[in-house]
Amino acid sequence: MIRRFRKQENRGDQSAGKKNEQRKLRFGRSLMSRYMLLILCAVLFVPVVLPITSFIYVLVVNNVSKSSAAPYGDVTHISNLWSNESKKLGQAAPAKIDDRIKQLHAKYPKSSVYRVDENGKTAFILGGEGVEVVETPINGSTLTTLKWPLSDQNKVETRIPAVWDASYSMAFMKEAVYRDPLTVVSFIGGGNQDKGKGFMVIEVPRYLLQKSQSNWPMELLYLGLLMTIIFLFFIVMSVLFFARIRKRLIRLQTAMITPGKEGIPLPVDIRRSDEIGQLEDSFNQMVYQLTESRHREREEEQFRKRLIAGLSHDLRTPLTVIRGHMHALHKEALSDKGISSLSRMESKMDDLSGLIDNMLSYNLLASGKYTLKLEEKDVLRIVRETAAAWYPVWEKEQFDIDIDLPDEPLIWNVDEQGMRRILDNLFQNVVRYAGDGKYIGISTERIHDRTALVIRDQGPGMQQEVGAKGTGLGLSIVDLLVREMGLRKKVDSSPEGVRIFIY
């Protein structure tokens, strides 16, 4: 039956291995693909993202600037417009020139326009909205004054004489470059060149014009803030990526160290089909295999216990019959050799009977059917009484007996019969397996702040793994009784002998 279970386990392991080999992880769902995407974003951040972001930012800024520009445009726009219009009017009659100037004034109603003919006389004046036009007679002529209300609540005056002489015209044109309002003077028919047909002037308040220079410090600041936001976004995404991995690994670690009802961890939920998902799936497969193995072990243990119980019961009947016949042989006349053989047979029968008792005891202890009655007892008294019962055996085997126990009682919470069984098995183990040393020592010793009972021999010693499990069925029963009574057992083995501590 045990072989059948092992074959099934091997087949289960092979099938599980085949299933694992058949699983393939798609690259697009793997953590490697996401990590490579993060690395690619980091590599392309400066050479690609920065230029693209700058280009988009410039487009947005230009569009915003155009949408929020002043209705009259900038200085360059007004200057070019006025110069081009003056060139076009080179062959036009004065009335047509005045009509065109009126049209331009209607387009820019807050501007003031006027024209001076080829003789230097002021021929035409139109004041802008909000501009006060004052005419003052001087020496038989009229001086026209344009009073401009500017954005800073100050007023600027433009004096337009009825007749322009050369000196006034030169001074006016020099001052026009820096004036507010913006003053553009253009010669009719020539633009910037005097064609002898007079000139025309347009004045526009500078607050109505868009400044040509850009506010580059603020734009640079905005660009830096945008790049910082993109960089922080990349950092946050990286942190979230690794934090999510860490969270899943901690969840898996918690599942590994948290035992279930049977001492086996519980399976975990597989949420994603990536590398960690494969690790979780492998962990679940291991849990399933451990659970199946635990069930098989229990079945094997139950089978073994039933086998031991059956064998122990079945062997007692023929042993009883054999003992009866051996007892009958004692009544017969036997030779010395026959009496010796019969004595050896009885000794072996006693050993076999003891082995059957040990098998039954081990089976009862392992199955939890052996009930212990724990009471406070003087362990040293039990040791002395048990050792006294073994004295004849030790003396027969010519053992050197060294018993050094204190007079004060040592109270432990034990089952008296169980404690005697422990001592009997340990003493029997010394006689059987350490008889060559011809020594047994019984004493007490302090270990881990507790008083321990020490049983020593001078035999050949035993391997560490054998000392931990027990030599034969007797020490296995000792281990079970020690555990059930809440005691501890420590084995110190060396070539000079074995020391067994019970505390």
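Anything mentioned here points back to the structure above.
Residues numbered from 1 in each chain as written. Predicted model: local features only at pLDDT ≥ 70, side-chain atom pairs only at ≥ 80, totals over all residues. Heavy atoms only, no water.

### A short note on the layout of surface pockets
To keep it simple, the criterion reads: Definitions used for this entry: grid spacing 1 Å over protein atoms alone; cavity, a set of points where a 1.4 Å probe fits but cannot get out; pocket, an open set with protein on both sides within 12 Å along at least 5 of 7 lines; lining residue, one with an atom within 4 Å of a point. Grid points are joined across faces, edges and corners, and a volume is the space filled by probe spheres set on the points. Helix and strand definitions follow DSSP, with helices as H or I runs of at least four residues and strands as E runs of at least two, each counted in order from the N terminus. Any residue that is not Ala, Val, Leu, Ile, Met, Phe, Trp, Tyr, Cys, Pro, Asp, Glu, Lys or Arg is counted as polar, Gly included; the first ten are nonpolar and the last four charged.
Each pocket or cavity is described by its volume, and for the largest pocket that value is around 450 Å³. Taken together, 17 residues form the lining of the largest pocket, with D351, W390, V393, Q428 and R432 sitting closest to its centre. At the level of secondary structure, the elements contributing two or more residues to the lining of the largest pocket comprise helix 8 (336–367), helix 9 (379–396) and helix 10 (416–433). When grouped by side-chain class, the residues that make up the lining of the largest pocket number five nonpolar, five polar and seven charged.

### Thoughts on the packing of aromatic side chains
Formally: By convention, a stacked pair of Phe, Tyr or Trp rings (six-membered ring in the case of Trp) has centres within 6.5 Å and planes under 30 degrees apart, an edge-to-face pair has planes over 60 apart, and any other such pair is tilted. The buried label applies to any residue whose accessible area, calculated with a 1.4 Å probe on protein chains only, is under 20% of its type's maximum; exposed applies above 50%, and partly exposed to all values in between.
Under the criterion given, the structure shown has ten aromatic pairs. Ring plane angle 80° and centroid distance 5.2 Å describe the contact between W164 and F172, whose orientation is recorded as edge-to-face. Here F172 falls in the buried class, since its relative accessible area comes to 5%. Ring centres of W390 and F427 lie 6.2 Å apart, and the angle between their planes is 70°; this geometry places the pair in the edge-to-face category.

### Things to note about the pattern of salt bridges
Our working rule: A side-chain nitrogen of Lys or Arg and a carboxyl oxygen of Asp or Glu constitute a salt bridge if their distance falls within 4 Å.
Here the structure, examined in full by the defined rule, presents 19 salt bridges. In this structure, K377 and E375 form a salt bridge, with 3.3 Å as the shortest nitrogen-oxygen distance. Its salt-bridge partner being E416, residue K377 comes within 3.6 Å of it at the nearest N-O pair. In this pair, K377 sits in strand 8 (residues 375–378) while E416 sits in helix 10, placing the two residues 39 residues apart along the sequence.

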